[in-house]
Amino acid sequence: MAYLRPLIFYILTALAIFMLISPSHSSLDNVNDRVTLSLYYETSLCQHCASFISNDLVKVFHTDLHTIINLRLVPWGNVEIHCQHGEEECYLNTIHSCVIHFWPDVKEHLEFIRCTEQQSLKGGPVEALWKNCSEKLRLNEEIINKCYTTGFGYKLLLQHANETAHLKPPQEYVPWVVVNNQPLRQLQDLENFVKYVCEAYKGDHKPAACKAQSSGLSPTIHALPQPPPIPVVGFYKLAVQWPPSVCKSTLNCKKPILPEFKIHGIWAQDAHDRPVPQYGPRNPCTHPNPNLDKKKLKGFLQSDPVLWIDLPRLWPNLILGKSDISFWHDEWTKHGTCSDFAQRPLSYFQSAIQLKKKLSRVIGLTPDSTYTVQQAVNAVFQLIHAYPQISCNRNRTNNRQLLLSEMYICYERPTSSNLLGTLKNCSHLYHGQCNSLSDIISFPR
């Protein structure tokens, strides 16, 4: 199999650790008094690692403890000049490194790691088990596989190896847990790692999990009573539609039909790439109620003269006989009311327009051309350096012809230091009537 590399490869890996890469810090700087909790572990047949990850570490997200932790996972473990549990361990370490890099949300990559650790203890080919986990969690297999086969994952693995090699004091066994640069040297301390996290926390807002510790209510993590879950925004998709395609497949369109991508919407997605439901009685995601009638929304949009000019040009309602404001109102209700912009509708539309203006009219594609889905994805990647998602529909006059009807560009959530606009790879590369990367699609003019 592709991952069975010669032993000499990993001997050279160990040498490269010390010769080619400079030491890196064993923990991240604290942010807002957060406690850095680093787990140094190895994959495959390390039962202690699998048990700690599956039974203890994941419970961080069952309580409010995660609000004070910078959680870091470093796959390398006891590997020196060979892999302790064989070449499959080094392969899976590399796969974990790729997932940690491309899905930096710790809750997301921890779920993948837990899944592979649990399955690896049951035996079977490791390539099949990680692919099963990526499919289950909807993490794009192509991105992970490309990370490995191009050697990028190997570079990531070297960084983890280098960090592990320079730990002070040195790692003694796995799993090796470090709280603010202080290792938990006794294995029994791992079960009570919450205690050490809480003791290290110096902030003012002590979570309930720590209060339970200090009162002696619980030596380990137990789930706290939670209200009905409200889906949390994981990222955003800027959906742009190609008028010559949608007007030949799903829409009866106004004329002229221009060969230029137009905005369909900007969509809040959860961490598993599912649409975040709109505001409602079962999903009271914000306060006060963010729903707007068309008149009030129109007033917001008209308050920005430049936006009011840009919207009909870049975000038109393509459907014959339908108004633009009705389209914008529908998009706001469905996708804006439970977004980061729920209380700032003007910013919601301004952000979409700003993102669209940064993209070219055809986003790296050539009208009147035919592509495979993979070729289309690669062409866009060459332009924006992030993988899009391609959506296809069938030509209503020729059901055998697939048309590239929409494209989704994915972005990280805005933060206090970064506005919406940080590109990320979409987790799925095709959608709609497209069924594989080899499907042949037309991009008409």
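Residues numbered from 1 in each chain as written. Predicted model: local features only at pLDDT ≥ 70, side-chain atom pairs only at ≥ 80, totals over all residues. Heavy atoms only, no water.

Participant: I keep staring at the state of the cysteines and nothing clicks. Help me out?
Facilitator: Note on terminology: a disulfide is the covalent bond linking the sulfur atoms of two cysteines. All chains considered together, the criterion is met by seven disulfides. Each sulfur of the disulfide joining Cys 115 and Cys 133 lies 2.1 Å from the other. The sign of the -85° torsion about the S-S bond sets the Cys 115-Cys 133 disulfide as left-handed. With Cys 115 in helix H4 (residues 106-120) and Cys 133 in helix H5 (residues 126-137), this pair connects stretches of sequence that are 18 residues apart. On the basis of relative accessible area, Cys 115 is assigned to the buried category, the value being 7%. Residue class for Cys 133 comes out buried when judged on its relative accessible area of 0%. Note on cysteine connectivity: Cys 285 is disulfide-linked to Cys 338, with sulfurs 1.9 Å apart. The chirality of the disulfide connecting Cys 285 with Cys 338 is left-handed, given an S-S dihedral of about -90°. Within this pair, whereas Cys 285 is found in the loop between strand S6 (262-269) and helix H12 (294-302), its partner Cys 338 is found in the loop between helix H14 (324-336) and helix H15 (345-357), the two being separated by 53 residues in sequence. By relative accessible area, which is 8% here, Cys 338 ends up buried. (Disulfide = S-S within 2.5 Å. Helix = DSSP H or I, 4+ residues; strand = E, 2+ residues; numbered from the N terminus. Buried < 20%, exposed > 50% of the residue type's maximum accessible area, 1.4 Å probe, protein only.)

Participant: Is there a simple way to think about the environment of Tyr 148 in this case?
Facilitator: By the secondary structure assignment, Tyr 148 is in helix H6 (residues 141-149). Classification of Tyr 148 by relative accessible area gives buried; the value is 5%. Separated by 54 residues in sequence, Tyr 148 and Thr 94 have C-alpha atoms that sit 7.0 Å apart.

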